[in-house]
Amino acid sequence: SNITLDGNKYHDNLNYAIDPHTKTHDITIRNNEVYNNAGFGIICSEDCYNILIEGNIVHDNPLGSITLSKHVHDSIVRNNLVYNSDKGINFNASPDNTIYNNTIRNVRLGFYLTRPADGSIAPTSGNRIYNNTIENTTIGAASNLDVHNNMFSNNSFVNSKSVDMYIQGDSNAIMENQYFNKYNMSGHIGKITIQKSGIIE
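All of these numbers come straight from a predicted model, not from anything done at the bench.

1. Things to note about the nonpolar core
Reasoning step 1: Core analysis: the biggest nonpolar cluster contains 36 residues, and Ile42, Ile53, Ile66, Ile89, Phe91, Ile99 and Phe111 have the highest contact counts within it.
Reasoning step 2: Only strand 3 (25–30), strand 5 (40–45), strand 6 (49–54), strand 8 (64–69), strand 10 (81–92), strand 12 (103–114) and strand 18 (163–176) provide two or more residues apiece to this core.
Reasoning step 3: In this view, Ile99 contacts Leu68, Val77, Ile89, Phe91, Phe111, Arg128, Ile129, Tyr130 and Asn132; residues no more than four positions away in its chain are not counted.
Reasoning step 4: Membership of the second largest hydrophobic core comes to 5 residues, among which are Leu109, Ile139, Ala142 and Val163.

The structure is reproduced here in structure tokens:
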């Protein structure tokens with residue numbers, strides 16, 4: 001706890017680059033460049049909380065750029081630039097986090113929210129995802145495997161090659177203050193609630 005990683009370069013590692021783990025808390029990961037690592041760029045995993053990930057440039061990490069995994073909660077991801085990876089910002093069994101003012105581009109999945117197939121660990125619920133720009137993705141955001149009550153608000157989806165929002169596996173998502181113009185949603189066994197969003201064009 002009580003550690004700051006600020007202004008470093010993490011690159012060409014054989015696995016992950018930055019990986020706080022198992023009840024880590026009160027960590028700041030700020031203004032780093034994280035690139036060309038074999039696994040995840042920045043990942044926090046297993047009961048971590050009060051993690052701040054901000055102002056980083058994270059690119060060319062094949063598994064994913066920024067990941068909150070296995071009950072990471074009450075943490076913030078903001079003002080990061082993410083590009084050239086499989087996933088931009090990934091939630092796995094992690095609730096009650098705040099994600100805003102990030103730019104994600106040239107990835108397969110911009111945001112991916114999921115949990116283990118057996119429903120163990122923790123729900124991915126109560127996350128607030130707003131004021132982000134997601135560009136040139138295959139899918140802008142996806143919820144899978146019984147993921148519930150995550151709020152997407154005022155995000156900008158630009159040039160999603162397949163769909164902007166995809167819901168499957170009995171998941172649901174809430175969309176609020178969203179501008180809809182040529183916006184494409186799809187899914188299988190899921191639900192999207194749209195509220196406070198004005199006219200849908």
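There's plenty left to go through after this.
2. Points about the pairing of strand 3
Reasoning step 1: In this sheet, strand 3 lies alongside strand 1 (residues 3–6) in parallel orientation, the contact comprising 4 bridges. Opposite Thr4, over in strand 3, you have Thr28 as the bridge partner.
Reasoning step 2: Sheet analysis places strand 3 next to strand 6, joined by 5 bridges and oriented parallel. The residue bridging Arg30 from the neighbouring strand is Glu54, located in strand 6.

3. Considering the environment of His73
Reasoning step 1: As for its position among the elements, His73 is in the loop between strand 8 and strand 9 (76–78).
Reasoning step 2: Residue classification places His73 among the buried positions, given a relative accessible area of 17%.
Reasoning step 3: Sequence separation between His73 and Lys191 is 118 residues; the distance between their C-alpha atoms is 24 Å.
Reasoning step 4: Discounting chain neighbours no more than four positions away, the residues touching His73 are Cys48, Tyr49, Asn50, Pro95, Asp96 and Asn97.

Reading the values: the criteria
- Residues numbered from 1 in each chain as written.
- Predicted model: local features only at pLDDT ≥ 70, side-chain atom pairs only at ≥ 80, totals over all residues.
- Heavy atoms only, no water.
- Core = buried A, V, L, I, M, F, W, Y, C linked by side-chain atoms within 4.5 Å.
- Buried < 20%, exposed > 50% of the residue type's maximum accessible area, 1.4 Å probe, protein only.
- Helix = DSSP H or I, 4+ residues; strand = E, 2+ residues; numbered from the N terminus.
- Contact = heavy atoms within 4.5 Å.
- Pairing = 2+ DSSP bridges.

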